[in-house]
Amino acid sequence: MMVYQECINCGSRYEINEIVYFCKKCGDQLEIKYDHGKLARALKESEWRNTPLSVWRYRDFMPINDFSKIVSLNEGGTGLHLCQRLGKHLGIRQLYVKNEGENPTGSFKDRGMTVGVTKALEFGIESVICASTGNTSASLAAYAAKAGLQCAVLIPSGKIAYGKLSQAMIYGAKVIQVRGNFDQALDVVQKLSEKHRAIYLLNSINPFRIEGQKSLGYEICDQLNQEAPDRVVVPVGNAGNISAIWKGFTEFHEFGLVETLPKMTGIQAAGSAPIAQAIKKGKDEIVPVAQPETIATAIRIGAPVSWKKALKAIRKSHGTAEMVTDSEILDAQKMLAQVEGLFVEPASASSIAGLKKLIENGDVNEDERVVCVTTGHGLKDPDVAVKMSEKPIEVDAELEAVERVLGLKTPIVMTVSGGLS
Ligand code: F0G
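Residues numbered from 1 in each chain as written. Predicted model: local features only at pLDDT ≥ 70, side-chain atom pairs only at ≥ 80, totals over all residues. Heavy atoms only, no water.

Attention shifts here to the overall build of the protein chain. Within the protein chain, the regular secondary structure consists of 15 helices and 13 strands. Across its three principal axes, the protein chain shows a C-alpha extent of roughly 95 × 45 × 45 Å. The buried share of the protein chain, taken over its 421 residues, is 56%. For the protein chain, restricting intrachain contacts to residue pairs at least 6 apart in sequence, the fraction spanning at least 24 positions comes to 71%. Total accessible area on the protein chain is roughly 18,900 Å²; 51% of this is exposed by carbon and sulfur atoms. (Helix = DSSP H or I, 4+ residues; strand = E, 2+ residues; numbered from the N terminus. Buried < 20%, exposed > 50% of the residue type's maximum accessible area, 1.4 Å probe, protein only. Contact = heavy atoms within 4.5 Å. Areas by Shrake-Rupley, 256 points an atom, 1.4 Å probe, with all protein chains shown as cover.)

Below you can see the structure in the form of structure tokens.
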């Protein structure tokens with residue numbers, strides 16, 4: 001088998017074309033694996049380096065049989081912004097922001113959905129579903145629309161940002177609000193997709209989604225001219241993304257495309273931080289948080305499904321994890337917008353807030369080359385941005401009124417006798 005699915009715990013293998021979400025022997029998560037020798041040979045002949053930066057630049061690294069079925073909205077190829085002014089503020093020399101809000105539906109989820117929904121077409125699926133704190137539902141709804149699939153999304157009622165809700169609705173998904181939190185909604189869709197096999201589950205337990213998201217790691221290396229940064233700082237919720245990015249880096253490393261690996265650094269909101277707690281306490285298991293709370297609703301998750309993969313990524317890479325309060329998140333969001341012109345949603349700003357804390361505590365060195373991933377666009381959650389910003393000032397439509405607000409004095413016009421007038 002050149003490509004197959006493998007259990008992260010017991011190593012059981014499954015065919016690449018089998019729909020299976022968890023290992024049938026031990027119940028753990030699956031991961032896509034490649035025969036590296038064969039893939040390395042295939043890559044040598046591939047033209048991937050001559051194609052533009054995007055998820056599908058890496059099509060030869062993806063578990064897709066039929067490229068004619070690709071469902072794409074032009075995902076990936078997001079900016080890696082050198083942030084010198086922010087770096088100075090935080091006390092670090094080389095800071096980059098990988099801004100995933102530049103994806104088609106405004107978050108990194110599009111990287112996973114383009115691959116996951118393409119796979120759904122290969123499987124002959126007609127219906128897709130997910131649970132979501134907002135971005136996954138927005139992304140799945142868009143890709144399902146493009147592919148002509150039926151889509152249902154389960155969201156926690158009253159707790160998702162308005163921009164994301166509007167996306168899922170306008171793309172035509174059946175939007176179901178559940179009385180409960182994300183963890184409960186995910187539990188329901190998992191049971192549902194086991195019971196109704198024709199409905200394909202596209203949460204990050206789906207290993208094909210992770211394959212798409214690993215392109216984030218590949219892209220960072222390519223944007224840094226075939227070098228990995230010293231550290232990558234990632235907001236963590238359900239923990240699929242940090243695992244996916246790590247997979248991307250390790251694969252590039254195994255293929256000899258980069259020499260080093262970055263320290264994976266996960267940031268969680270203080271009110272929902274089971275992974276950061278486990279890392280800090282040196283534990284091998286997480287203790288789920290029953291009532292997760294944070295203003296960063298995207299990462300308001302108490303029982304992250306991919307916790308095992310995330311702990312492994314953080315520990316194997318000699319990284320770390322940190323938690324940040326809501327006010328630290330909001331301060332970081334504002335700072336990033338006002339110092340670098342990058343408007344990201346609160347969950348995304350947690351990577352900046354976390355880095356600030358790690359530098360202050362001496363856990364990150366000023367000489368490190370650091371990439372902070374900002375996962376979603378600021379317009380996803382306009383309410384929070386408006387609430388914490390200075391209110392607009394209303395004036396009459398008169399020159400003097402605007403001058404007064406701007407603190408401008410009317411210039412004194414000098415007239416020279418006999419001059420030009
Ligand atoms: N940042 C944003 C903006 C997110 O939407 C999410 C997850 C994360 C970070 C965390 O990523 O779960 O892979 O660790 N949002 C999911 C959703 C849960 O439903 O949109 P993760």
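On we go from here.
A few words on the sheet that holds strand β7 (residues 150-156). Strand pairing within a sheet occurs via backbone hydrogen bonds; the two strands may be parallel or antiparallel. Pairing is parallel in the open sheet, where four strands are placed in the order β8-β7-β6-β9. On the outer flanks of this sheet lie β8 (174-178) and β9 (199-201), each paired with one strand and no other. Pairwise comparison of adjacent strand axes, ignoring direction, gives a mean angle of 25° for this sheet. Direction of pairing for strand β6 (residues 127-131) relative to β9: parallel, over a ladder of three bridges. (Pairing = 2+ DSSP bridges. Axes fitted to C-alpha atoms, helices over the stretch in contact; angles between N-to-C directions.)

The grouping of Glu394, Asp396, Glu398 and Glu400 at the surface amounts to a negative patch. Mapping glutamate 398 onto the fold places it in the loop between α14 (382-388) and α15 (399-406). (Patch = residues over 30% accessible without salt bridge, like charges linked within 9 Å, V, L, I, M, F, W, Y side chains within 5 Å. Salt bridge = Lys/Arg side-chain N within 4 Å of Asp/Glu carboxyl O. Lys, Arg positive; Asp, Glu negative; His and termini not counted. Charge placed at Lys NZ, Arg CZ, Asp CG, Glu CD.)

The next subject is the site of the ligand. The environment of the ligand is formed by 20 residues, the closest being Ser132, Thr133, Asn238, Ala239 and Thr375. Between an oxygen atom of the ligand and a main-chain N or O atom of threonine 133, the distance comes to 2.7 Å. Between an oxygen atom of the ligand and a main-chain N or O atom of asparagine 238, the distance comes to 2.7 Å. Computed on the free molecule, the ligand has an accessible area of 470 Å², of which 98% lies beneath the protein chains in the complex. If you map the ligand onto the pockets, it falls in the largest cavity. Of the residues in the shell around the ligand, the class split is seven nonpolar, 11 polar and two charged. (Near = heavy atom within 4 Å. Polar contact = N/O pair within 3.5 Å; in protein donor to acceptor, adjacent residues only side chain to side chain. 1 Å grid on protein atoms, 1.4 Å probe; cavity = no way out; pocket = protein on both sides within 12 Å on 5 of 7 lines; lining within 4 Å. Sits in = over half its atoms within 2 Å of the grid points. Nonpolar A, V, L, I, M, F, W, Y, C, P; charged D, E, K, R; others polar.)

Bringing the sheet that holds strand β12 (residues 320-324) into the picture now. Strand order across the open sheet formed by six strands is β4-β5-β13-β10-β11-β12, with mixed pairing between neighbours. Single-partner strands in this sheet number two, and they are β4 (80-82) and β12. Within this sheet the neighbouring strands show an average axis-to-axis angle of 25°, counted without direction. Bridging between strand β10 (residues 231-235) and strand β11 (residues 263-269) involves five bridges; their strand directions are parallel. The residue of β11 that forms the bridge with valine 233 is threonine 265.

What follows covers the nonpolar core. Ranked by internal contacts, the top residues of the largest apolar core, which has 85 residues, are Phe61, Val128, Tyr200, Phe252 and Ile275. Domain assignment of the residues forming this core places at least three in each of domain 1 (1-45) and domain 2 (80-106 + 210-385). Contacts of tyrosine 200, omitting those with residues within four sequence positions, involve Ile19, Tyr21, Gly116, Lys119, Ala120, Phe123, Ile125, Ser127, Val128, Ile129, Asn206 and Phe208. If you look at the next biggest cluster of nonpolar residues, it comprises 30 residues, including Val97, Leu336, Val339 and Leu342. (Core = buried A, V, L, I, M, F, W, Y, C linked by side-chain atoms within 4.5 Å. Domains from an automatic or database assignment.)

For helix α3 (residues 109-123), with 15 residues, the first-to-last C-alpha span of 21 Å sits near the 21 Å given by 1.5 Å per residue. Buried residues dominate α3, accounting for 13 of its 15 residues. Trailing α3 by a residue or two, glycine 124 shows a phi angle of about 75°, which is positive. (Expected span 1.5 Å × (residues − 1).)

Across the five residues that make up strand β3 (residues 30-34), a large majority, four, are buried. Pairing of strand β1 (residues 3-7) with β3, which is carried by five bridges, proceeds in the antiparallel orientation. Note that in β3 the partner of cysteine 7 across the bridge is leucine 30.

Now for the layout of surface pockets. Looking at the largest pocket, its volume works out to about 450 Å³. Every residue lining the largest pocket is counted, 21 residues in all, and those nearest its centre are Glu31, Lys33, Lys247, Thr250 and Lys312. Broken down by secondary-structure element, the contributors of at least two residues to the lining of the largest pocket are β1, β3, α9 (240-254) and α11 (307-316). With seven residues, α9 is the largest single contributor of residues to the lining of the largest pocket. (Points joined across faces, edges and corners; volume = space filled by probe spheres on them.)

Turning next to the packing of aromatic side chains. Taken as a whole and assessed by the stated rule, the structure comprises 13 aromatic pairs. Ring geometry for tryptophan 48 versus tyrosine 58: centroids 5.9 Å apart, planes at 50°, classification tilted. Residue tryptophan 48 is located in the loop between α1 (36-45) and β4, and its partner tyrosine 58 is located in the loop between α1 and β4; the two are separated by 10 residues in the primary sequence. Following the ring pairs from residue to residue traces out a cluster consisting of Trp48, Tyr58, Phe61, Tyr218, Phe252 and Phe255. The lysine or arginine in question, lysine 119, covers the ring of phenylalanine 123, its NZ or CZ lying 5.6 Å from the ring centre. (Phe/Tyr/Trp six-rings, centres within 6.5 Å; stacked < 30°, edge-to-face > 60°. Lys NZ or Arg CZ within 6 Å of the ring centre and 35° of its normal.)

Further remarks concern empty space enclosed by the protein. To find leftover empty space, a probe the size of one water molecule is rolled over the atoms. Under the counting rule described, the total for this entry stands at one cavity of 30 Å³ or more. Taken together, 29 residues line the largest cavity, and the ones lying closest to its centre are Phe108, Lys109, Gly237, Asn238 and Ala298. Of all the secondary-structure elements, those providing two or more residues to the lining of the largest cavity are α4 (135-147), α7 (207-213), α9 and α13 (346-360). In terms of residue class, the lining of the largest cavity is made up of 11 nonpolar, 15 polar and three charged.

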